Amino acid sequence: MIETVVRKRIEILTDKAIVRLVTDAIDAAGITGWTVTPVKSGKGRDGHWREERVMGTDKVFVLTIAPQEKAEKLAEALAPILTTHGLLLTMWDVEVIRGERF
Amino acid sequence: MIETVVRKRIEILTDKAIVRLVTDAIDAAGITGWTVTPVKSGKGRDGHWREERVMGTDKVFVLTIAPQEKAEKLAEALAPILTTHGLLLTMWDVEVIRGERF
Amino acid sequence: MIETVVRKRIEILTDKAIVRLVTDAIDAAGITGWTVTPVKSGKGRDGHWREERVMGTDKVFVLTIAPQEKAEKLAEALAPILTTHGLLLTMWDVEVIRGERF
Amino acid sequence: MVSLPLRNAGAKRIRMDASTLQTFTSPVVLFFVLGLLAAFARSDLAIPEALAKGMSLYLMAAIGLKGGVAVSKSGIDANVLAALGAGIAASFLLPFIAYGVLKGFAKLDRINAGAVAAHHGSVSVVTFVTAVEILEFQSKPAGGYMVAVMAAMETPAILSGLLLARGMGSKSGQSTGAMLHEVFFNASVVLLLGAFAIGMIGGEDGFSDVSPFFEAGFKGVLCLFLLDMGLIAARRLMDNRAITWRLGVLAIALPLVNGALGTCVGAVIGLDVGSAAALGVLCASASYIAVPAAMRLALPEADPGIYLTMSLSITFPFNILINIGLISALASALIGSGGPPS
Amino acid sequence: MVSLPLRNAGAKRIRMDASTLQTFTSPVVLFFVLGLLAAFARSDLAIPEALAKGMSLYLMAAIGLKGGVAVSKSGIDANVLAALGAGIAASFLLPFIAYGVLKGFAKLDRINAGAVAAHHGSVSVVTFVTAVEILEFQSKPAGGYMVAVMAAMETPAILSGLLLARGMGSKSGQSTGAMLHEVFFNASVVLLLGAFAIGMIGGEDGFSDVSPFFEAGFKGVLCLFLLDMGLIAARRLMDNRAITWRLGVLAIALPLVNGALGTCVGAVIGLDVGSAAALGVLCASASYIAVPAAMRLALPEADPGIYLTMSLSITFPFNILINIGLISALASALIGSGGPPS
Amino acid sequence: MVSLPLRNAGAKRIRMDASTLQTFTSPVVLFFVLGLLAAFARSDLAIPEALAKGMSLYLMAAIGLKGGVAVSKSGIDANVLAALGAGIAASFLLPFIAYGVLKGFAKLDRINAGAVAAHHGSVSVVTFVTAVEILEFQSKPAGGYMVAVMAAMETPAILSGLLLARGMGSKSGQSTGAMLHEVFFNASVVLLLGAFAIGMIGGEDGFSDVSPFFEAGFKGVLCLFLLDMGLIAARRLMDNRAITWRLGVLAIALPLVNGALGTCVGAVIGLDVGSAAALGVLCASASYIAVPAAMRLALPEADPGIYLTMSLSITFPFNILINIGLISALASALIGSGGPPS
Ligand SMILES: Nc1ncnc2c1ncn2[C@@H]1O[C@H](COP(=O)(O)O)[C@@H](O)[C@H]1O
Ligand SMILES: Nc1ncnc2c1ncn2[C@@H]1O[C@H](COP(=O)(O)O)[C@@H](O)[C@H]1O
Ligand SMILES: Nc1ncnc2c1ncn2[C@@H]1O[C@H](COP(=O)(O)O)[C@@H](O)[C@H]1O
Ligand code: NA
Ligand code: NA
Ligand code: NA
């Protein structure tokens, strides 16, 4: 059986306009990489939004795989701006192969 | 260390044409929000489909974060139509910051 | 309360050009289906890449739900080419309804 | 079935072959064939979704505008109203015939038969647009008001299909109100009728401003759009698991019969040859955009593998490649290609 | 406020109504209205994101090229420099007025007032483009250099808005350098000025090659783009939860006042009627693309539900449907539609 | 290397400079430069993926159609066959030269040298299209059949590249059948040849219908597409970590040498000046779409950071900005710009 190790997977929903803030925080936490995936629409406490491109209000997911301690470092770095910047952060444990990479 | 709480993350793969059915069910379960992300193609027991837009057979993911009991309420609400409406539902535990929001 | 069973959810980040390799491996592992979702951009040890379409370097996620043993079979089948083909594989446990389907 | 005013039909040779063959040197049709062939050869050629959607919006806006401008010149007369009435009636009634043969001959269950019937009663915008181009090429232009007829024919068939599938009294999962709203305000109806109204308001003058975009580009866009449709239709056919030979036969027989019926009705109510042919094409065509979306909502148990494959992968190519030619020839035989009876 | 050179204003009847009404038979404006109506009727009509983005790039490239070619012919004279100076000053100063009334009348807090003020000082490319079309249609073409004025007006308002929101000394989360870079090299500034430069370098000759694409298609693309803007503006308005009636009033009063101010300044510095009207429209228009993106970055605490809804869902439609007509009429009244004073 | 029929070469001054400089006032090239500059200035300007893909499909369909229509008039003669043969041979053989210097001079390993060699043997559609525009602008139009030559040159280089990287006997992960299918039915080959066939079948008449779309829009679309290519090429170059100076030198030397070789071969086999230059450009150009996709599949161990950066970020801009001008001048010097020898 192939050997896997446990890492944290963190997913951050963020406005496109401030993606850079998030990826800079990931880099600063010493995490090796990140991946951005598109989002179509959503509803939160602010009401419904559509893919309202052209407008600076559309969102993306930034996801990153990191060891526990770096993940916590990232979560702590982002915590203060979660509310002001309207970020949504979730994380959970995943198994990865080639653990030395993350 | 930052404090996190555990919530359920539910992901539902659904035809675009009936997204509304799913998000209405989420709202009805009292969950605060949801996010829709795009899907490109897939294969299931019905065979391969492509991103067959223009046609009403393309799909999206609807994902929502909710406390355990609301998540169960949603799963129960959707269970009867999973097969007829061709939905695919998975859920798992995630950690979130600002638990009072979900 | 609705009954759920535990399955593995596997997510593979791969170049578009070799998606077929991955989905063939999924089929070969006897898994019932898979779903492909788009990716916008990312950064890894090779540096930043954008959605560099037209070029054969853009990526997608392939995700599949499978029982434990089939998931392991798939992971083992892909392990040897993870590095050469630049794949990123993560997996974790999820609950599904209608477990007989996966 | 109907007594037809076959004005000097004896004197005209049915120019079916010529019309049908001409079709195959038109770039529009050739691009469709290219799409079919590329998909059958399993090429990875594909048009991005956003672009295909954009082209279909463009085609609808353009055909709507054109129709509106035409009507702003010709005005609305008895012919227009007769065509509208005939179209609505056809869309409502044709599903009943289809339902009968789908249950009787092809042994479909009630739900699926109703769903398929709705598709064949409703219309395909692209089939209509292609027919309009081919008819113009053959010097038998259809009246501008036929665009409004098309928009009016999208919806009634959905109602009959649901009636047939569910019966009068039954409840659907979706509230009827939501369904009706979806059906009357769906994107293509709104865009077609909206552009039609803009064309009527702006008239020839208003249109001249935007005609380089909406007119000059039209055929080229249609080429690329049909390339995409060919790819999609053929790929779906190759993945097909649900279509029996009986369903395949009906996917060709229905447009043949509906097309002939529609053309005859057009002749009876006094339409000119191009408009009668266009009415025939509308009856022959089967929806593969608006109706599938409505069916997913209102009849989720029905199998898209059946209704989409029939309308998109069999009826649609058959109409584009063969049936438009046949209908055009029939209209000429019935009415004479010299235009409406004077 | 300013003593205006009202040349024979007495002799001219203010042709406000005519100008304003003419607007409503233009297909460009009618498509915008269609978008508004479709969204209010909750139709699912939508333009794919990639396409809308593409259309906005196209419009900016085309307007930039056109302006550059015009300036390659006319050259850069005192008028051009005066218009540039006036535009930059207006973009920098108008937010101060706006900030005052937003805090005083509408009781907005400092951060949100600064953000909204920045939007109203900056410009909307699409409003400008629509105005240029309407002015041309009314035989009062704006000078080609107004494109450069527009590009120059995008940025200063952002700086004033930030100054107002944060005060001089305060720190923002984002480094100022990054913000300035973002502001000066944002996509629309780069594309507008780049295409402008290409137009100047290539001149009439270079442009003739590409004009079928950039000129002939322009109005049609603008139609579809405004259809999309109508859909988006109306949907946002329906989802609105943050706009009080006082904010609504200001979203109309600001473009009215700013537009009049800008037109007057244009008259004072000696611009021809079309260019003065264009300057008025630039002052009246509010950004809903570049500035929101900058504000997300620099003032993340400000609420997009306020600034975007005001500029996009109220000011923008008001400008397209009514204010451009008013400004055009005012410019004619001030300067005379016979062109610049000779 | 080859004895060339230098007809009155003495009497002609090499008009390299003129040709090369002319290039820089063409909007097409200027938009490419704008893209490069915007990316170097780290602007966020970007063309949506779907749109860029759509534009490339449009360009291929248009160039295919145009070529097909041209051949439907001129017919297929010995020249056409000679050009086809020369192109296929060049595509197959040029990788061997490239492989040699890549291993010898730049010290690349076998796998990467084979992959890079395949790219340089194959062709870039956009480089060809740009060259065709520039050659037409210089009144040295290339023969329509060169489109078919281009399509034929896409594939052979892939086979040689794989041969070189893997040797004759070795096994690849992917079955050879799948690879060959991918290579022969890839989107661009199918669309180019399909549109070419449609152009031949429809001829001048069929084309006139769709020419407003495919012809009038062509240069404008090429402008926007090259803007995007400039952005992508420059961004990749800035992120580059894999290109040594030796590789950089080869990414310029290979197109220089291959372009000269191709032009000379064109002259030897008797092509007219435009077609010989086009053959030279095809030899000089390096694939960055079809071949990278094939290499990901067949040689996954090869590094896209090397082959893509070389062909897309160095060879491509070098060809567009400088080499097309050089090749055009060389062809004129060899053959005379007065057309083919009579
Ligand atoms: N730690 C990570 N978390 C999330 N995505 C990653 C991570 N590392 C790499 N990736 C993704 O994998 C791609 C290739 O990574 P690499 O093979 O390291 O160059 C990157 O472009 C990212 O999209
Ligand atoms: N419970 C939730 N589950 C999933 N996504 C959510 C949830 N709440 C909010 N979101 C997403 O976060 C965005 C902003 O939410 P909010 O800050 O509450 O307005 C929404 O548009 C959704 O896309
Ligand atoms: N085991 C699976 N893992 C991931 N996605 C699946 C799986 N099975 C089905 N799907 C997705 O669900 C869609 C419908 O599946 P089905 O209802 O089995 O035809 C497919 O097109 C896939 O996108
Ligand atoms: Na029909
Ligand atoms: Na303004
Ligand atoms: Na080459």
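Residues numbered from 1 in each chain as written. Chains lettered and ligands numbered in written order. Predicted model: local features only at pLDDT ≥ 70, side-chain atom pairs only at ≥ 80, totals over all residues. Heavy atoms only, no water.

(A) Summary view of the overall build of chain A. Looking only at helices and strands, one finds two helices and six strands in chain A. If you list the helices and strands of chain A from N to C, you get β-α-β-β-β-β-α-β. Within chain A, the proportion of its 102 residues that are buried is 63%. At a minimum sequence separation of 6, the contacts of chain A that also span at least 24 residues come to 81%. In the structure as shown, chain A presents an accessible area of about 3,700 Å², 50% of it carried by carbon and sulfur atoms. (Helix = DSSP H or I, 4+ residues; strand = E, 2+ residues; numbered from the N terminus. Buried < 20%, exposed > 50% of the residue type's maximum accessible area, 1.4 Å probe, protein only. Contact = heavy atoms within 4.5 Å. Areas by Shrake-Rupley, 256 points an atom, 1.4 Å probe, with all protein chains shown as cover.)

(B) Main features of the packing of aromatic side chains. Scanning the entire structure with this criterion turns up 30 aromatic pairs over all chains. The interplanar angle of 15° and the centroid separation of 6.1 Å between the aromatic rings of F31 of chain D and F214 of chain F together place this pair among those described as stacked. Of the two residues, F31 of chain D is situated in helix 2 (residues 27-40) and F214 of chain F in helix 10 (residues 187-216); the pairing between them involves two chains. Residue F31 of chain D shares its accessibility class with F214 of chain F, and that shared class is buried. One cation-aromatic arrangement involves R246 of chain E over F105 of chain E; the distance from NZ or CZ to the ring centre is 4.9 Å. (Phe/Tyr/Trp six-rings, centres within 6.5 Å; stacked < 30°, edge-to-face > 60°. Lys NZ or Arg CZ within 6 Å of the ring centre and 35° of its normal.)

(C) Quick look at the relation of the copies chain F and chain D. Under the fitted operation, chain F is carried onto chain D by 0.0 Å of movement along the axis and a turn of 120°, and the coordinates agree to an RMSD of 0.0 Å. The relationship between the two copies is best expressed as a three-fold rotation axis. Minimal C-alpha separation from the rotation axis in chain F is found for A50 of chain F, amounting to 3.6 Å. (Least-squares fit on C-alpha atoms with pLDDT ≥ 70 in both.)

(D) Representation of the interface of chain F and chain D. Counting residues at the interface gives 25 residues for chain F, matched by 25 residues for chain D. Across the interface of chain F and chain D, roughly 2,000 Å² is buried in total on both sides, 80% from carbon and sulfur atoms. Of all residues in chain F, the largest losses of buried area upon contact with chain D belong to I198, D209 and F213 of chain F, amounting jointly to 25% of the total for that side. The tally of links from chain F across to chain D stands at one salt bridge. (Buried area = accessible area lost by both parts, 1.4 Å probe. Salt bridge = Lys/Arg side-chain N within 4 Å of Asp/Glu carboxyl O.)

(E) Representation of the pairing of strand 1 (residues 5-15) of chain C within the structure. All names here are of chain C. Burial within strand 1 is extensive, with nine of its 11 residues counted as buried. As defined by bridge partners, strand 1 adjoins strand 6 (residues 88-96) across nine bridges and the pair is classed as antiparallel. Across the sheet, V5 pairs through a bridge with V96, a residue of strand 6. Sheet topology note: the strand 1/strand 5 (residues 59-66) ladder contains eight bridges and is antiparallel. Within strand 5, the position partnered with E11 by the bridge is L63. (Pairing = 2+ DSSP bridges.)

(F) View of empty space enclosed by the protein. Taken as a whole and assessed by the stated rule, the structure comprises seven cavities of 30 Å³ or more. The computed volume of the largest cavity comes to approximately 210 Å³. What lines the largest cavity is a set of 21 residues, and nearest its centre among them are E11 and T37 of chain A, T37 of chain B together with E11 and T37 of chain C. Of the voids in this model, the second largest cavity is the one considered here, and its volume is about 80 Å³. In terms of lining residues, the second largest cavity is bounded by D209 and V210 of chain E together with S26, P27, V28, T130, E133, I134, F137 and K219 of chain F. (1 Å grid on protein atoms, 1.4 Å probe; cavity = no way out; pocket = protein on both sides within 12 Å on 5 of 7 lines; lining within 4 Å. Points joined across faces, edges and corners; volume = space filled by probe spheres on them.)

(G) Here's a closer look at unusual backbone geometry. Residue and element names in this part refer to chain F. Phi at K107 takes a positive value of approximately 60°, unusual for a residue other than glycine. Of note, K107 is situated in the loop between helix 4 (78-104) and helix 5 (110-121). With a relative accessible area of 61%, K107 lands in the exposed category. Of note in this structure, S139 is not a glycine but carries a positive phi near 55°.

(H) Inspection of the coordination of the sodium ion (ligand 6) at higher detail. All names here are of chain F. Donor atoms from the polypeptide that coordinate the sodium ion (ligand 6) comprise H120 (O), S122 (O), L282 (O), C283 (O) and S285 (O), at 2.4 to 2.8 Å from the metal. Mapped onto the polypeptide sequence, the residues donating to the sodium ion (ligand 6) form the spacing pattern H-x1-S-x159-L-C-x1-S. Note that S122 is positioned in the loop between helix 5 and helix 6 (125-137) and S285 in the loop between helix 13 (273-284) and helix 14 (290-298), a separation of 163 residues in sequence. Accessibility classification places S122 together with S285 in one group, the buried group. (Donors = N, O, S within 2.8 Å, 3.2 Å for Na, K, Ca; no water.)

(I) The arrangement of the coordination of the sodium ion (ligand 5) in detail. Residues and elements named next belong to chain E. Those donors, H120 (O), S122 (O), L282 (O), C283 (O) and S285 (O), are the protein atoms that reach the sodium ion (ligand 5), and they lie 2.3 to 2.8 Å from it. Summarised as a motif, the one-chain spacing of the donors to the sodium ion (ligand 5) is H-x1-S-x159-L-C-x1-S. One end of the pair, H120, is in helix 5 (residues 110-121); the other, S285, is in the loop between helix 13 (273-284) and helix 14 (290-298), with 165 residues separating them in the sequence. Given the relative accessible area of 0%, S285 is considered buried.

(J) Representation of the pairing of strand 2 (residues 34-38) of chain A within the structure. Residue and element names in this part refer to chain A. Strand 2 sits mainly inside the fold: five of its five residues count as buried. The alternating pattern of strand 2 places W34, V36 and P38 on one face and T35 and T37 on the opposite face, and all of these are buried. Of the pairings in the sheet, the one linking strand 2 to strand 5 (residues 59-66) comprises four bridges and is antiparallel in character. Paired with T35 across the bridge in strand 5 is L63.

(K) Layout of the nonpolar core. By size, the foremost hydrophobic cluster in this structure holds 375 residues, and its most contacted members are F214 of chain D, F214 of chain E together with F214 of chain F. One finds L88, V94 and F102 of chain A together with I65 of chain C within the second-largest nonpolar core, a separate group that totals 30 residues. (Core = buried A, V, L, I, M, F, W, Y, C linked by side-chain atoms within 4.5 Å.)

(L) Representation of the pattern of salt bridges within the structure. Applying the stated criterion across every chain, the model contains 45 salt bridges over all chains. Notably, a salt bridge pairs K8 of chain A with D93 of chain A, separated by 2.7 Å at the nearest N-O pair. Here D93 of chain A lies in strand 6 (residues 88-96) and K8 of chain A lies in strand 1 (residues 5-15), a separation of 85 residues in the sequence. By relative accessible area, K8 of chain A is classed as buried at 4%. On the accessibility criterion, D93 of chain A (42% relative accessible area) is partly exposed. With its nearest N and O atoms 3.7 Å apart, the salt bridge here joins K219 of chain F to D209 of chain E. Note that K219 of chain F is positioned in helix 11 (residues 218-239) and D209 of chain E in helix 10 (residues 187-216), a pairing that runs across two chains. Shared partners join several salt bridges into a network, and the residues in it are R9 and E11 of chain A, R9 and E11 of chain B together with R9 and E11 of chain C.

(M) Structural context of the environment of V273 of chain F. Looking at where V273 of chain F falls in the secondary structure, it is placed in helix 13. With 51 residues separating them in the primary sequence, V273 of chain F and I324 of chain F have C-alpha atoms 13 Å apart.

(N) Layout of the packing of helix 3 (residues 49-74) of chain D against helix 10 (residues 187-216) of chain D. Look at helix 3 of chain D against helix 10 of chain D: their axes get within 5 Å of each other, and the N-to-C directions meet at 75°. Viewed along their axes, helix 3 of chain D and helix 10 of chain D adopt a mutual orientation that is roughly perpendicular. (Axes fitted to C-alpha atoms, helices over the stretch in contact; angles between N-to-C directions. Parallel < 35°, antiparallel > 145°, perpendicular 65-115°, else oblique.)

(O) Expanded view of helix 3 (residues 49-74) of chain F. Taking 1.5 Å per residue, 26 residues should reach 38 Å; helix 3 of chain F reaches 37 Å between its end C-alpha atoms and fits that length. G75 of chain F sits one or two positions beyond helix 3 of chain F and adopts a positive phi of about 80°. (Expected span 1.5 Å × (residues − 1).)

(P) Here's a closer look at helix 10 of chain D. Residues and elements named next belong to chain D. With 30 residues, helix 10 should reach 44 Å at 1.5 Å per residue; the first-to-last C-alpha distance of 24 Å falls well below that figure. At G203, helix 10 shows its maximal bend, which comes to roughly 110°. With a side-chain oxygen lying 2.8 Å from the backbone nitrogen of S188, the N-terminal cap of helix 10 falls on N186. (Bend = angle between axes of the 7 residues up to and from the residue. Polar contact = N/O pair within 3.5 Å; in protein donor to acceptor, adjacent residues only side chain to side chain.)

(Q) How the structure looks around the side chain of S160 of chain F. Position of S160 of chain F among the secondary structure elements: in helix 8 (residues 156-166). Apart from residues lying up to four places away in sequence, S160 of chain F is in contact with S91, F92, P95 and F96 of chain F.

(R) Representation of the environment of M295 of chain D. Residues and elements named next belong to chain D. Its location among the elements puts M295 in helix 14 (residues 290-298). Given the relative accessible area of 0%, M295 is considered buried. Each C-alpha atom of the pair M295 and L94 lies 17 Å from the other, and the pair is 201 residues apart in sequence. Apart from residues no more than four positions distant in its own chain, M295 is found in contact with A115, A118, H119, I158, L162, P300 and Y307.

That is the geometry; function is a separate question.
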